[in-house]
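Architecture at a glance
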Amino acid sequence: MWENWPARKLVEITIDGILFYLDMRLWECREVRDFTNKFSLDDIEISHDAIHFCFDPKTKNLFQGTSEEFQARREELKLIHLPPLRLLDPIGYRAKKGLPPLKTVTRKRKGKQL
C-alpha cells in the first residue's frame, strides 16, 4: 500500500510542548529529539472526529498507571485532544486507507515570455 507513495517529511505534532512525528506507516508517534520515546496509535482513543488520550509530562509519554494513580496525579496529567487523523495527516491517512494520492493541480503562471 505504501510503495506507490512518494517519500515525504513526516507530520509533526506538539503534545504538551514536546514535538512528535506522526508516523501513519508505523502507526506510532515518536518524539523528534528522542526516537526511543514513542507510543502506538493503538494505545489511544481515535474516533472519526478527534483523538483523545492522557499524557504524562514526567515520562513524556502516555499515562500508564492505574485509576488510583490517575486520581492521585490528575492535576499534573494532561488530557490531550487533537483533530482527527484525516486532518492531521491527510496524505498518510489516504495511504493507510489504501486510497490513491490526491491529484495536485499546478497552474501555469501568467507573465512575460522570455
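Residues numbered from 1 in each chain as written. Predicted model: local features only at pLDDT ≥ 70, side-chain atom pairs only at ≥ 80, totals over all residues. Heavy atoms only, no water.

**What to know about the pattern of salt bridges**
The condition that has to hold: For salt bridges, the criterion is a side-chain nitrogen of Lys or Arg within 4 Å of an Asp or Glu carboxyl oxygen. Where helices and strands are cited, they refer to DSSP runs of H or I of at least four residues and of E of at least two residues respectively, numbered from the N terminus. Only protein chains enter the accessibility calculation, which uses a 1.4 Å probe; a residue is then buried when its area is under 20% of its type maximum, exposed when over 50%, and partly exposed in between.
Throughout the structure, instances matching the rule amount to 6 salt bridges. Among the ionic pairs, glutamate 76 bridges to lysine 58, the shortest N-O distance being 3.5 Å. Placement of glutamate 76 in the loop between helix 1 (67-73) and strand 8 (78-82) and of lysine 58 in the loop between strand 6 (51-56) and strand 7 (61-62) is noted, with a sequence separation of 18 residues between them. Classification of lysine 58 as exposed rests on a relative accessible area of 64%.

**Some remarks on the nonpolar core**
Going by this rule: For this analysis, a nonpolar core means a set of buried residues of the types Ala, Val, Leu, Ile, Met, Phe, Trp, Tyr and Cys, connected via side-chain atoms within 4.5 Å. Any two residues whose heavy atoms approach within 4.5 Å are treated as being in contact.
Counting 19 residues, the largest nonpolar core has Ile13, Ile15, Phe20, Leu22, Phe39 and Phe53 as its most contacted members. Of all elements in the fold, only strand 1 (11-15), strand 2 (18-23), strand 6, strand 8 and helix 2 (85-88) reach the threshold of two or more residues within this core. Excluding residues within four positions of it along the chain, phenylalanine 53 makes contact with Ile15, Phe39, Ile44, Leu62, Lys78, Leu79, Ile80 and Leu82.

**Re the packing of aromatic side chains**
To keep it simple, the criterion reads: Any two of the Phe, Tyr and Trp rings considered here, Trp counted by its six-membered ring, make a pair once their centres fall within 6.5 Å; the pair's planes then place it as stacked at under 30 degrees, edge-to-face at over 60, or tilted in between.
Applying the stated rule across the entire model yields 5 aromatic pairs. A ring pair is formed by tyrosine 21 and phenylalanine 35, whose centres lie 5.9 Å apart and whose planes are at 85 degrees; its orientation type is edge-to-face. One end of the pair, tyrosine 21, is in strand 2; the other, phenylalanine 35, is in the loop between strand 3 (28-31) and strand 4 (38-40), and 14 residues separate them in sequence. A residue is classified by how much of its surface remains accessible, and tyrosine 21, at 16% relative accessible area, is buried. Look at phenylalanine 35 and you get partly exposed, because its relative accessible area is 47%. By way of ring pairs, the aromatic residues Phe20, Phe39, Phe53 and Phe55 are connected into one cluster.

**Observations regarding unusual backbone geometry**
We note that aspartate 16 has phi near 50 degrees; this positive angle belongs to a residue other than glycine. Following the sequence through the fold, aspartate 16 ends up in the loop between strand 1 and strand 2. When its relative accessible area of 36% is taken as the criterion, aspartate 16 is described as partly exposed. Located in the positive-phi region is lysine 60, a residue other than glycine, with phi close to 55 degrees.

**Side note on the environment of histidine 52**
For clarity, the cut-off: For the purposes of these results, a polar contact is taken to be a pair of N or O atoms within 3.5 Å, where, inside protein, one atom must be able to donate a hydrogen and its partner to accept one; residues adjacent in sequence count only when each atom of the pair is a side-chain atom.
The residue histidine 52 is located in strand 6 in this model. For the pair histidine 52 and proline 83, spaced 31 residues apart in sequence, the C-alpha to C-alpha distance is 9.0 Å. Among the polar contacts listed, one links the side chain of histidine 52 to the side chain of histidine 81, at a separation of 2.6 Å.

**Points about the environment of cysteine 54**
Inspection of the secondary structure assignment puts cysteine 54 in strand 6. Relative accessible area serves as the criterion here: at 16%, cysteine 54 is assigned to the buried category. In sequence terms cysteine 54 and lysine 78 are 24 residues apart; their C-alpha atoms lie 5.7 Å from each other. Excluding its chain neighbours within four sequence positions, the residues that come into contact with cysteine 54 are Leu62, Phe63, Phe70, Leu77, Lys78 and Leu79.

**Concerning the sheet that holds strand 3**
Put simply, the rule reads: Two strands are counted as paired when DSSP detects at least two bridges linking them. All axes here are fitted lines through C-alpha atoms, helices being fitted over the stretch that makes contact, and every angle between N-to-C directions spans 0 to 180 degrees.
One open sheet accounts for 4 strands, arranged 1-2-3-4; its pairing is antiparallel. This sheet does not close on itself; its edge strands, each paired only once, are strand 1 and strand 4. Between one strand and the next, the sheet's axes are offset by a mean angle of 30 degrees, whatever the strand orientation. The pairing of strand 1 with strand 2 spans 5 bridges and is antiparallel. Considered in strand 2, the bridge of isoleucine 13 is made with phenylalanine 20.

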